Structure formats: C-alpha cells, structure tokens
Amino acid sequence: MDSQKTALIVDDSRVSRMITRHYIANQHPDWIIEEAATGEEALERITSVRPRLILVDVNMPGMGGIAAAEQLSRLCPQAHVSLLTANVQSATRKRAAEIGVGFLEKPVSEERIHQLLAALES
C-alpha cells in the first residue's frame, strides 16, 4: 500500500473510528483508511498496512494507546503517529512528547483533522 496515502485509525470505539474516517475521507477521498479496534490489532496489521498517518486512542482495553503508539512509531518510522485523547493533562502531553508522537484532543473535529493533514503535506 502507498504509505503516502494511507491512514490507520486505532480506537476501540466504532463510532469514533467512523467519525475520524469521515473527516479524513472528506478532505482526502483518495486516501486508503484502515481501522483497528485495539493496539494489538494495529500491531498485527502494521506489517501489511504501511500508513503515512496513525491515530491512536489513549484509553483502550488491553494494550493502552501510549504503549501502542510507541511501538507503532518504532515499527513504522515513516508514519506520523498522534495520540487521540480527551485527557488533556500535562502528563499525557509530556509522555507523547517523550515518545515522539503527536497529540490530538478529543472529540476529534474536522478542523483538527484538517490542520493535522495540512501539516503532513507541508
């Protein structure tokens, strides 16, 4: 798959995945959008899906989003990885910075997705 045109959304909430998918597809209808419901599923799929963008929910059952994001960014260094979370505490932001991933506040909005995608293209 073309990593320049592929996004992976990792979130245990089907509704959240659908909303995020919709926002990305609205702005980039040519992108392939893949989904995973858990960090473990994302790690299994990362060998066949080489995304340009990986969005990872922080609070998921099983492997948490921070651990998943750290592993995904290591396994897929060409991808931009961002945590998705409603937890805006400075500790979460600090941890994201420490592991070299971005931070996107929930609820995800079309404007936030637009800003993120615009930054990837520049």
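Residues numbered from 1 in each chain as written. Predicted model: local features only at pLDDT ≥ 70, side-chain atom pairs only at ≥ 80, totals over all residues. Heavy atoms only, no water.

Looking now at the overall build of the protein. Helices and strands together make up the secondary structure of the protein, namely five helices and five strands. Secondary structure elements of the protein occur, N-terminal to C-terminal, as β-α-β-α-β-α-β-α-β-α. The C-alpha radius of gyration computed for the protein amounts to 13 Å, which stays within 12% of the reference 14 Å derived for 122 residues, consistent with globular compactness. The dimensions of the protein, computed from C-alpha atoms along their principal axes, are 35 × 30 × 30 Å. Looking at the 122 residues of the protein, the share that counts as buried comes to 46%. Sequence separation of at least 24 residues holds for 64% of the intrachain contacts in the protein that already meet a minimum separation of 6. Summed over its atoms, the accessible surface of the protein is roughly 6000 Å², and 51% of this surface lies on carbon and sulfur atoms. (Helix = DSSP H or I, 4+ residues; strand = E, 2+ residues; numbered from the N terminus. Rg over C-alpha atoms; globule rule 2.2 N^0.38 Å. Buried < 20%, exposed > 50% of the residue type's maximum accessible area, 1.4 Å probe, protein only. Contact = heavy atoms within 4.5 Å. Areas by Shrake-Rupley, 256 points an atom, 1.4 Å probe, with all protein chains shown as cover.)

The two faces of the sheet receive side chains in turn, since in a regular strand these alternate between them. Most of strand β3 (residues 53–57) sits out of view: five of its five residues are buried. Along β3, one buried face is formed by Leu53, Leu55 and Asp57 and the opposite face, lined by Ile54 and Val56, is buried too. Alignment of β3 against strand β4 (residues 80–85), held across five bridges, turns out to be parallel. For Val56, the partnering residue across the bridge sits in β4 and is Leu83. Between the parallel elements β3 and β4, the chain passes through helix α3 (residues 65–75) in a crossover that is right-handed. (Pairing = 2+ DSSP bridges. Right-handed = clockwise from strand over helix to strand, strands pointing away.)

Now for unusual backbone geometry. A cis geometry characterises the amide bond from Lys106 onward to Pro107, with omega recorded as 0°. As for its placement among the helices and strands, Pro107 is situated in the loop between β5 (102–105) and α5 (110–121).

Further remarks concern the nonpolar core. Counting 21 residues, the largest nonpolar core has Val10, Ile54, Val56 and Leu72 as the members making the most contacts within it. Mapped onto this core, the elements with two or more residues apiece are β1 (6–10), α2 (39–45), β3, α3, β4 and α4 (90–99). With three residues, the top contributor of residues to this core is α3. The contacts of Leu72, once residues within four sequence positions are left out, are Val10, Ala42, Leu43, Ile46, Ile54 and Val56. (Core = buried A, V, L, I, M, F, W, Y, C linked by side-chain atoms within 4.5 Å.)

An order of β2-β1-β3-β4-β5 is seen for the five strands of this open sheet, with the pairing classed as parallel. Two strands lie at the open edges of the sheet, namely β2 (32–36) and β5, each paired on one side alone. Put simply, the sheet's adjacent strands are angled 20° from each other on average, direction ignored. Running over the sheet, α3 touches β1, β3 and β4 and is turned about 160° from β3. (Axes fitted to C-alpha atoms, helices over the stretch in contact; angles between N-to-C directions.)

So, on to the environment of Arg52. Along the chain, Arg52 falls in the loop between α2 and β3. A polar contact of 3.2 Å, which involves the side chain of Arg52, links it to the backbone oxygen of Leu120. (Polar contact = N/O pair within 3.5 Å; in protein donor to acceptor, adjacent residues only side chain to side chain.)

Enumeration over the complete set of coordinates arrives at 10 salt bridges. Here Arg17 makes a salt bridge to Glu35, at a shortest N to O gap of 2.9 Å. One end of the pair, Arg17, is in helix α1 (residues 14–27); the other, Glu35, is in strand β2, and 18 residues separate them in sequence. With a shortest N-O distance of 3.3 Å, Arg95 and Glu70 are connected by a salt bridge. Of this pair, Arg95 sits in helix α4 while Glu70 sits in helix α3, and the two are 25 residues apart along the sequence. One network of salt bridges, with partners in common, ties together Glu70, Lys94, Arg95 and Glu98. (Salt bridge = Lys/Arg side-chain N within 4 Å of Asp/Glu carboxyl O.)

This part covers the environment of Glu98. With respect to the helices and strands, the residue Glu98 is situated in helix α4. Between the C-alpha atoms of Glu98 and Glu70, which are 28 residues apart in sequence, the distance is 9.7 Å.

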